[in-house]
Amino acid sequence: MEPKLGDIFESVEQHKLCVANYVVSHGYQIYFAKFDSVRIIAKCGKRNEDNQCPFILHAAWMYKERSLKIKTMTRIHKCSRSFTFGSIVSPEWIGRHYMTEISNKPKLKLREIISDIKQTFRCDVSIGQCRRVSVINNPDGKSYFHRFCICFKALSSGWKSCYRKVIDLDGCFLKGEVKGELLTTTGRDANNQVYPIAWVVVDVENKPNWTWFLELIHDDLMLDGGRGLVIISDQHKGLLEAVKDILPHVEHKQCARHIYANLKKAYTGLKFKTLLWASAMSCVEGDFKKHMVEIKKLSPRAYECLMSKQLGTWCRANFTPGFACETVENGISECFNSIILEARKKPLIQCLRR
């Protein structure tokens, strides 16, 4: 997007971003001789007594239309190009162009950003400019909360030293003024009771947020790609894909209760519920096949739907031996979510303190 005579912008920030894109694209030095909420004047940065470059851009705020309009513009440049732009290539500009990369890879190195900017945009930026890129900026110029993670050293060390290598993953909604979701990681002690490990507050439950959370957990708990670990979760698509990427060697089990909740919309009845749970709890393959035959007689479509799922993720008879985990549902996470129900109604800071 380049500025043109007559262009209209929603805000001063949007206009400034457009000018910055023009500067980086063409390699011209431009500075703002006037920059406030009602008027913007941009001139050539190399303009002096010896170089009378005619480039000028004047934009003014239109009160009736509630927008900013370019009213005067001379696009001609008589100066040489230079791809060192100084403050006009701001951390906000870098953040807008590298929003996806930073979100998907929070530990992206500053040197990698600098190298990519130089290769893609042919401009030089400093480490200081890249270091200040930390939030996502929006078209209205305001910064909004994105995500926040808590994992206490005592909890992570306790889990690594003496707790079962079983992790339950789940998400629940915040119910206060601040809307968002709380993603939790809970473990199980020797009595099969709740042991909270880590939790994050995010704007939405999706693959990028789950990937970011699992990367942090992987490093803090030293999970080694999931070897010797069992994870139990619902069937959220973003979570399933994130687990495959971050923990490729994990034994990933799906909650049988969530499977039933999805199927009962189409296949109802107490008998179907009883047979499904009997199939999930079967410890030997013969019992599993017997219950599945009964389900097939009751509803061939329900049988095909269940068989299409990975049997090793929800049926005891098909679990991989050696993990010492017979659980087929994610009740630990649901229990933890109910325990913190009142805290989820509080403002964000109070919620995290509780």
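Computed from a predicted structure; not experimentally measured.

Peer 1: What's the story with the confidence of the model for the chain in this structure? I'm lost.
Peer 2: Low pLDDT means the predicted atomic positions in that stretch should not be read closely. In the predicted model, the chain carries a mean pLDDT of 82, and the fraction of residues at 70 or more is 92%. Model confidence for the chain, summarised as mean pLDDT per element, is weakest for helix 5 (residues 127–131) at 71 and strongest for helix 7 (residues 207–221) at 91.

Peer 1: Sorry, what's going on with the packing of aromatic side chains here?
Peer 2: The relative placement of two aromatic rings is captured by the distance of their centres and the angle of their planes. The tally for this structure, following the rule as stated, stands at seven aromatic pairs. Where Tyr22 meets Phe55, the ring centres are 6.0 Å apart and the plane angle is 15°; that geometry is what we call stacked. With Tyr22 in helix 1 (residues 12–26) and Phe55 in the loop between strand 3 (39–44) and strand 4 (56–62), the pair connects residues that are 33 residues apart, well separated along the chain. The class for Tyr22 is buried, based on a relative accessible area of 2%. In this arrangement the basic side chain of Lys16 is found over the ring face of Phe35, its NZ or CZ atom lying 5.3 Å from the centre. For the cation-ring pair, Lys253 lies above Phe319, with the distance from its terminal atom to the ring centre recorded as 3.8 Å.

Peer 1: Explanation requested: the sheet that holds strand 4 in the structure shown.
Peer 2: Consider a sheet: its strands pair through backbone hydrogen bonds, and that pairing is either parallel or antiparallel. In spatial order, the strands read 1-5-4-3-2; together these five strands make up an open sheet with antiparallel pairing. Strands with a single pairing partner mark the edges of an open sheet, and in this sheet they are strand 1 (8–9) and strand 2 (30–35). Summarising the sheet, strand 2 and strand 3 pair through five bridges and their orientation is antiparallel. When the bridges of strand 3 are listed, Tyr31 appears paired with Lys43.

Peer 1: Just to check I follow, could you spell out unusual backbone geometry for this structure?
Peer 2: For Met222, which is not glycine, the phi torsion reads 50° and is therefore positive. Looking at Met222, the relative accessible area reads 61%, which means it is exposed. Non-glycine residue Asp224 carries a positive phi angle of around 55°. Mapping Asp224 onto the fold places it in the loop between helix 7 and strand 10 (230–233). Of the residues examined, Asp224 reaches a relative accessible area of 47% and is grouped as partly exposed.

Peer 1: Sorry, what's going on with the packing of helix 9 (residues 256–263) against helix 10 (residues 270–281) here?
Peer 2: Packed helices, taken two at a time, are described by the angle their axes make and the gap between the axes. Contact geometry of helix 9 with helix 10 gives a least axis separation of 11 Å together with a crossing angle of 150°. Classed by the angle they form, the pair helix 9 and helix 10 counts as roughly antiparallel. For helix 9 against helix 10, the interelement crossing comes out right-handed. On helix 10, the residues that touch Ala256, Arg257, Tyr260 and Leu263 of helix 9 are Phe272, Lys273, Leu276, Trp277 and Ala280. Of the residues belonging to the contact of helix 9 with helix 10, the class tally is seven nonpolar, no polar and two charged.

Peer 1: It is not clear to me how the pairing of strand 7 (residues 166–173) should be interpreted in this structure. Could you clarify?
Peer 2: With respect to burial, strand 7 is a largely interior element, seven of its eight residues being buried. Alignment of strand 7 against strand 8 (residues 181–188), held across six bridges, turns out to be antiparallel. Along strand 8, the bridge assignment pairs Asp168 with Thr186.

Peer 1: I would appreciate a short explanation of the sheet that holds strand 8 in the present structure.
Peer 2: Spatially, the six strands line up as an open sheet ordered 6-9-8-7-10-11, and their pairing is mixed. Unpaired on one side and paired on the other, strand 6 (147–150) and strand 11 (251–254) mark the two borders of the sheet. Pairs of neighbouring strands in the sheet enclose a mean axial angle of 20°, with direction left out of account. With respect to the sheet, helix 6 (residues 153–162) is in contact with strand 7, strand 8 and strand 9 (194–202), its orientation differing from that of strand 9 by roughly 135°.

Peer 1: Would you explain the state of the cysteines in this entry?
Peer 2: Put plainly, two cysteines are in a disulfide when a covalent bond ties their sulfur atoms together. On inspection of all chains with the given rule, the structure shows zero disulfides. No disulfide involves Cys53; its nearest neighbouring cysteine sulfur is the one of Cys44, lying 3.7 Å away. For the unlinked cysteine Cys305, the closest cysteine sulfur is that of Cys315, found at 15 Å.

Peer 1: Where do I start with the pairing of strand 5 (residues 67–74) in this structure?
Peer 2: Put simply, side chains in a regular strand alternate between the two faces of the sheet. Bridge count for strand 1 against strand 5 is two bridges, and the pairing is antiparallel. Counted as the bridge partner of Ile8 is Lys69 from strand 5. Where strand 4 meets strand 5, seven bridges bridge the pair, whose relative direction is antiparallel. Across the sheet, the residue bridging to Trp61 is Leu68, located in strand 5. Linking two consecutive strands that pair antiparallel, namely strand 4 and strand 5, is a turn of four residues; a positive phi of about 55° is found at Arg66 within it.

Analysis parameters
- Residues numbered from 1 in each chain as written.
- Predicted model: local features only at pLDDT ≥ 70, side-chain atom pairs only at ≥ 80, totals over all residues.
- Heavy atoms only, no water.
- pLDDT = per-residue confidence, 0-100.
- Helix = DSSP H or I, 4+ residues; strand = E, 2+ residues; numbered from the N terminus.
- Phe/Tyr/Trp six-rings, centres within 6.5 Å; stacked < 30°, edge-to-face > 60°.
- Buried < 20%, exposed > 50% of the residue type's maximum accessible area, 1.4 Å probe, protein only.
- Lys NZ or Arg CZ within 6 Å of the ring centre and 35° of its normal.
- Pairing = 2+ DSSP bridges.
- Axes fitted to C-alpha atoms, helices over the stretch in contact; angles between N-to-C directions.
- Parallel < 35°, antiparallel > 145°, perpendicular 65-115°, else oblique.
- Left-handed = near helix turned anticlockwise from the far one by under 90°.
- Contact = heavy atoms within 4.5 Å.
- Nonpolar A, V, L, I, M, F, W, Y, C, P; charged D, E, K, R; others polar.
- Disulfide = S-S within 2.5 Å.

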